[in-house]
Amino acid sequence: MSERCANLLAALGGLEEELILEAAEDRAKKRRRWPRRLVKTLAACAALAVIGVGVLYLVPTGAHSGGSNVGGKGDDPRSFLLYEGPVLPLTLRDAREDVSAERSVNLDFAGWDTEGTELLIRDSYTLKNTSGQDQTLRALYPFIERFSEVSRRRPTLTLDGAELETTLLAGYYAGGYEGPWKGSVGGDENEGSVNMNYPDSWEDYRDLLAGGSYFDAALSPYPDFTGVTAWVYDLTDPWYTLAEGQEAARPVLRITVPLDYARTRLLHTGGFSGWSWDDGEGWMRFQYDIPGETKGSYKDDGHRTVVAVGEEPGDLTIEGFTSTGDRAQPLEAGATVTKRAVDLEEYLRALALERYGGFDGQDGRPDFETVYGQFKLWLVTDGPLAQEPKERYRDGDLNFGEAASVDRVLWLEAEITVPAGASVTLTAELTKEGSSDPFRSRGSTGGAEYELATRLGSNLAFTHQSATLEDRGKIEIVRQNFGFDLKKGVKTVPLTGEIYFLEVKAKAD
Amino acid sequence: MEDTELVELFWARDESALAGVSEKYGGLCRQLARRLLGSDRDAEECVSDVLLRLWESIPPQRPLSLKAYMLKITRNLTVDRWRGNTAAFRAGELTALTPELEACLPASPSAEEVSGERQTAEAVDRWLKTLSKDDRTLFLRRYWFGDTVKEIARSRGVPANRLTQKLNRLRGGLRRALEKEGIVL
């Protein structure tokens, strides 16, 4: 980022309050979470090698199953622009033939109104041990969320009323990527991977979870870069000298690293205003503004860091220019460059500890190792150390924020014992936002849809499932396939299909 | 509690004012900071700093809109925190916004004295007021609040591509306006 850009960013903070309030009102009317779109496919199975570092990491992305049997009546579930994903059923770490389950789901609209679509869900499982021995199980309750929101959305698990201690298991990013013009007119054929493409229908989660490979990956160890040498180039104290009569509107340094991209990857820790590469010629180039005098509270010390992973690259070169663009003239300039060899694992861990320090495993938050592990997984599957990095990450930026902010399936794991010939009741209590679609609801009162999967991703032997609706007089049903009938008082129904949906809107006064 | 009552509590040095504003606008400020910084921890710390700044600034200030006042403090502290972070730890929408904002930068033909933040803000204010409300709020939602183009597009029911093009034009318009006003960044 250039200092000039930072100045503009800061100056925007001083705009008139009336203008800020006007924009705040505009966004408050429609404020939503990050939108999601249809994920077409993920690679069936990708063997991803970190170039030259001797790490091979296999990430299965789930087998794609065929069509679904929706069951029930009414229309099928739909895709959404703002998709929250279905409520998923409990599963076990290891399937047990002598344990059966009866499930009852309570859908409570007590906290629901036109301003919020948070549904209170009480998802109960009566687990029956039909054997003559006590059974100790590792129960896993899945939910769809991003790390940054887990503390707010983490379900509470109880066993016969007593709260269970749980540990968090995490799946990788649940979505895919798309080109920059996907979805625009004439853009459907546009390939690319520069933008996130979140799941937008239950089928996306069905495809993700079917076959169990996604869950298996969540149990797999994270990549370990211990013993992998990386070369850290620290650039400090950038300078430039103007020749007589020369002017530099925006003095910049350009750093060029000669490398074979198939054998060496470059990472950086940010602060560059531009980058480019040429695989054929064999170089990668970064550019940044030479800081001027410090203004305000912003202090750019001119320190930038580039990290080479794989084969040691050749000597980097530094050039100075009077500005960016076609009219830039060479400028006498340079910086102090120090190079050191580091252990990649130690180096990344130190960075991550500062970046992910808030993930401490307390108050429902994920622990550091889980978030850091998913960051490393991102590095080698989609990120700059992947065999084929997504375009979004091709510049090598160590994007710590991404791992914390993408949707994924998570599981709460708890060990429970079911006595011989007896039953216990495990209950998950959680809240769930409704999925919605501004295009469809535009001009109407708007609605929210909730989905419930009965068997997706579960290895439990269910003997019966049912759902109970507590409408609290607050909602009207727009469409559904549960079979509820509020007028006739049918509020509890059996569940025999695979996926159920319920679209509601606020009840008219 | 009404804003005016909260402001009176600040003037009376009644610490319940902090609880009041925290309850009323804390979530909004936290959401803005979290979005711009991409970090829960930084956002929490930022909101704490906002409350401290409120306590220190009222009195003597008597803001007409406590909401706008808090949002502005939040954003300013957020930007300060983001700028103060080492590059490795910059994340959130602020990081995504900077490449776009580069297109708003006026040409600086020589090493002139850099314009002050207030002078620049006033120039941007004037430019914003020449826009339609839709365009004005679009620009501010993207570059002040950090809303993504897709979010704005879906809330307005228009293709993201259209907004991307419009934002591109708006950035060019701001650059020309700043050049016309002689702003140097």
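What counts, and where the lines are drawn
- Residues numbered from 1 in each chain as written.
- Chains lettered and ligands numbered in written order.
- Predicted model: local features only at pLDDT ≥ 70, side-chain atom pairs only at ≥ 80, totals over all residues.
- Heavy atoms only, no water.
- Helix = DSSP H or I, 4+ residues; strand = E, 2+ residues; numbered from the N terminus.
- Contact = heavy atoms within 4.5 Å.
- Areas by Shrake-Rupley, 256 points an atom, 1.4 Å probe, with all protein chains shown as cover.
- Salt bridge = Lys/Arg side-chain N within 4 Å of Asp/Glu carboxyl O.
- Buried < 20%, exposed > 50% of the residue type's maximum accessible area, 1.4 Å probe, protein only.
- Pairing = 2+ DSSP bridges.
- Axes fitted to C-alpha atoms, helices over the stretch in contact; angles between N-to-C directions.
- pLDDT = per-residue confidence, 0-100.
- Patch = residues over 30% accessible without salt bridge, like charges linked within 9 Å, V, L, I, M, F, W, Y side chains within 5 Å.
- Phe/Tyr/Trp six-rings, centres within 6.5 Å; stacked < 30°, edge-to-face > 60°.
- Lys NZ or Arg CZ within 6 Å of the ring centre and 35° of its normal.
- Core = buried A, V, L, I, M, F, W, Y, C linked by side-chain atoms within 4.5 Å.
- Domains from an automatic or database assignment.
- Disulfide = S-S within 2.5 Å.
- Polar contact = N/O pair within 3.5 Å; in protein donor to acceptor, adjacent residues only side chain to side chain.
- Expected span 1.5 Å × (residues − 1).

### A few points about the overall build of chain A
Turning to step 1, where the next piece is worked out: Along its length, chain A carries nine helices and 26 strands.
Turning to step 2, where the next piece is worked out: A sequence separation of at least 24 residues applies to 78% of the contacts in chain A between residues at least 6 apart.
Turning to step 3, where the next piece is worked out: Accessible surface, chain A: about 21600 Å² in total, of which carbon and sulfur atoms supply 45%.

### So, the pattern of salt bridges
Turning to step 1, where the next piece is worked out: Under the defined criterion, the tally for this structure stands at 40 salt bridges over all chains.
Turning to step 2, where the next piece is worked out: With a closest N to O distance of 2.7 Å, Glu369(A) and Arg349(A) form a salt bridge. You can see Glu369(A) sitting in helix H7 (residues 368–381) and its partner Arg349(A) sitting in helix H6 (residues 344–355), a full 20 residues away along the chain.
Turning to step 3, where the next piece is worked out: The shortest N-O distance in the salt bridge between Asp147(B) and Arg141(B) comes to 2.9 Å.
Turning to step 4, where the next piece is worked out: Assessed through its relative accessible area of 2%, Arg141(B) is described here as buried.
Turning to step 5, where the next piece is worked out: In the salt-bridge network here, residues are joined through shared partners; they are Asp26(A), Arg27(A), Arg35(B), Arg141(B) and Asp147(B).

### What to know about the sheet that holds strand E18 (residues 317–321) of chain A
Whenever strands of a sheet pair, they do so through backbone hydrogen bonds, lying parallel or antiparallel.
All names here are of chain A.
Turning to step 1, where the next piece is worked out: Within the open sheet, the eight strands sit side by side as E14-E17-E12-E19-E18-E13-E16-E15. Their pairing is antiparallel. Every interior strand has two partners, whereas the edge strands, strand E14 (264–268) and strand E15 (274–278), have only one. Averaged over all pairs of adjacent strands, the angle between their axes in this sheet comes to 25 degrees, without regard to strand direction.
Turning to step 2, where the next piece is worked out: Against the sheet, H6 engages strand E12 (229–241), strand E17 (304–310) and strand E19 (330–343), with an angle of about 110 degrees to E19.

### Overview of the confidence of the model for chain A
Residue and element names in this part refer to chain A.
Turning to step 1, where the next piece is worked out: Looking at chain A as a whole, the pLDDT averages 83, with 83% of positions reaching at least 70.
Turning to step 2, where the next piece is worked out: For the stretch residues 30–74, pLDDT sits under 50, and the model shows 154 contacts to residues farther than four places along the chain or on other chains.
Turning to step 3, where the next piece is worked out: A low-confidence stretch, residues 294–298 (pLDDT under 50), is modelled with 11 contacts involving residues beyond four sequence positions or located in other chains.

### Points about a nonpolar patch on the surface
Residue and element names in this part refer to chain A.
Turning to step 1, where the next piece is worked out: A contiguous nonpolar patch, built from Trp 239, Tyr 240 and Leu 242 and spanning about 280 Å² of accessible area, is present on the exposed surface.
Turning to step 2, where the next piece is worked out: Mapped onto the elements of the fold, Leu 242 is located in the loop between E12 and strand E13 (252–258).
Turning to step 3, where the next piece is worked out: Take Leu 242: its relative accessible area is 41%, and that puts it in the partly exposed class.

### Quick notes on the sheet that holds strand E9 (residues 167–173) of chain A
Turning to step 1, where the next piece is worked out: A sheet is described by the order of its strands in space; here four strands give the open sequence E3-E6-E20-E9 (chain A), paired in antiparallel fashion. In this open sheet, the two strands that pair with only one neighbour each are strand E3 (91–92) and E9 of chain A.

### Observations regarding the packing of aromatic side chains
Residues and elements named next belong to chain A.
Turning to step 1, where the next piece is worked out: What the rule picks out here adds up to 27 aromatic pairs over all chains.
Turning to step 2, where the next piece is worked out: A centroid spacing of 6.2 Å and a plane angle of 70 degrees characterise the contact between Tyr 356 and Phe 375, whose relative ring orientation is edge-to-face. Pair noted here: Tyr 356 is in the loop between H6 and H7 and Phe 375 is in helix H7, with a separation of 19 residues, a long-range link. Neither residue differs from the other here; Tyr 356 and Phe 375 are each classed as buried.
Turning to step 3, where the next piece is worked out: Plain terms: the ring middles of Phe 482 and Phe 484 are 5.0 Å apart, the flat faces sit at 15 degrees to each other, and that makes the pair stacked. Exposure class is identical for Phe 482 and Phe 484. Each is buried.
Turning to step 4, where the next piece is worked out: Cluster of aromatic residues (ring-pair linked, three or more members): Phe 147, Tyr 173, Tyr 177, Tyr 198, Tyr 356, Phe 359, Phe 375, Trp 378, Tyr 393 and Phe 400.
Turning to step 5, where the next piece is worked out: Positioned over the ring face of Phe 321 is Arg 254, at 4.1 Å from the centre of the ring.
Turning to step 6, where the next piece is worked out: The side chain of Arg 394 reaches across the aromatic face of Tyr 261, ending 3.8 Å from its centre.

### Some thoughts on the nonpolar core
Turning to step 1, where the next piece is worked out: With 81 residues, the main nonpolar core has Leu107(A), Phe109(A), Leu127(A), Tyr356(A), Phe375(A), Leu379(A) and Phe482(A) as its most contacted residues.
Turning to step 2, where the next piece is worked out: With seven residues, the top contributor of residues to this core is H7(A).
Turning to step 3, where the next piece is worked out: Shared between two domains, this core takes at least three residues from each, and those domains are domain 2 (45–222 + 408–506) and domain 3 (227–343) of chain A.
Turning to step 4, where the next piece is worked out: When sequence neighbours within four positions are dropped, the list of residues in contact with Tyr356(A) reads Phe368(A), Val371(A), Tyr372(A), Phe375(A), Phe400(A) and Ala403(A).
Turning to step 5, where the next piece is worked out: Grouped together as the second largest cluster of nonpolar side chains are 45 residues, Leu9(A), Leu32(B), Leu37(B) and Trp144(B) included.

### Overview of the state of the cysteines
Residues and elements named next belong to chain B.
Turning to step 1, where the next piece is worked out: Applying the stated criterion to the full structure yields zero disulfides over all chains.
Turning to step 2, where the next piece is worked out: Unpaired in terms of disulfides, Cys 29 finds its nearest cysteine sulfur in Cys 46, a separation of 8.7 Å.
Turning to step 3, where the next piece is worked out: Take Cys 29: its relative accessible area is 1%, and that puts it in the buried class.

### Quick notes on the side chain of Asp108(A)
Residues and elements named next belong to chain A.
Turning to step 1, where the next piece is worked out: In this fold, Asp 108 is placed in strand E4 (residues 99–108).
Turning to step 2, where the next piece is worked out: Among the polar contacts listed, one links the side chain of Asp 108 to the backbone nitrogen of Ala 110, at a separation of 2.8 Å.
Turning to step 3, where the next piece is worked out: Not counting residues within four places of it along the chain, the set of residues in contact with Asp 108 comprises Leu 119, Leu 120, Glu 470 and Arg 472.

### A few points about helix H3 (residues 40–57) of chain B
Turning to step 1, where the next piece is worked out: Given a rise of 1.5 Å per residue, 18 residues ought to cover 26 Å, and the 25 Å separating the end C-alpha atoms of H3(B) matches this to within 8%.
Turning to step 2, where the next piece is worked out: For H3(B), the complete set of buried residues consists of Asp42(B), Ala43(B), Cys46(B), Val47(B), Val50(B), Leu51(B), Leu54(B), Trp55(B) and Ser57(B).

### Thoughts on unusual backbone geometry
Turning to step 1, where the next piece is worked out: Looking along the chain, the bond that leaves Ile58(B) and enters Pro59(B) is cis, with omega of -15 degrees.
Turning to step 2, where the next piece is worked out: Examined against the element boundaries, Pro59(B) turns out to sit in the loop between H3 and helix H4 (66–84).
Turning to step 3, where the next piece is worked out: The residue after Pro59(B), namely Pro60(B), is reached through a cis peptide bond having omega 15 degrees.
Turning to step 4, where the next piece is worked out: Mapped onto the secondary structure, Pro60(B) falls in the loop between H3 and H4.
Turning to step 5, where the next piece is worked out: With phi around 50 degrees, Asp237(A) is a residue other than glycine that occupies positive phi space.
Turning to step 6, where the next piece is worked out: Relative to the helices and strands, Asp237(A) resides in strand E12.
Turning to step 7, where the next piece is worked out: Backbone geometry at Asp363(A) places phi at a positive 50 degrees, although glycine is not the residue there.
Turning to step 8, where the next piece is worked out: For Asp363(A), the position within the fold is in the loop between H6 and H7.
Turning to step 9, where the next piece is worked out: By relative accessible area, Asp363(A) is classed as exposed at 64%.

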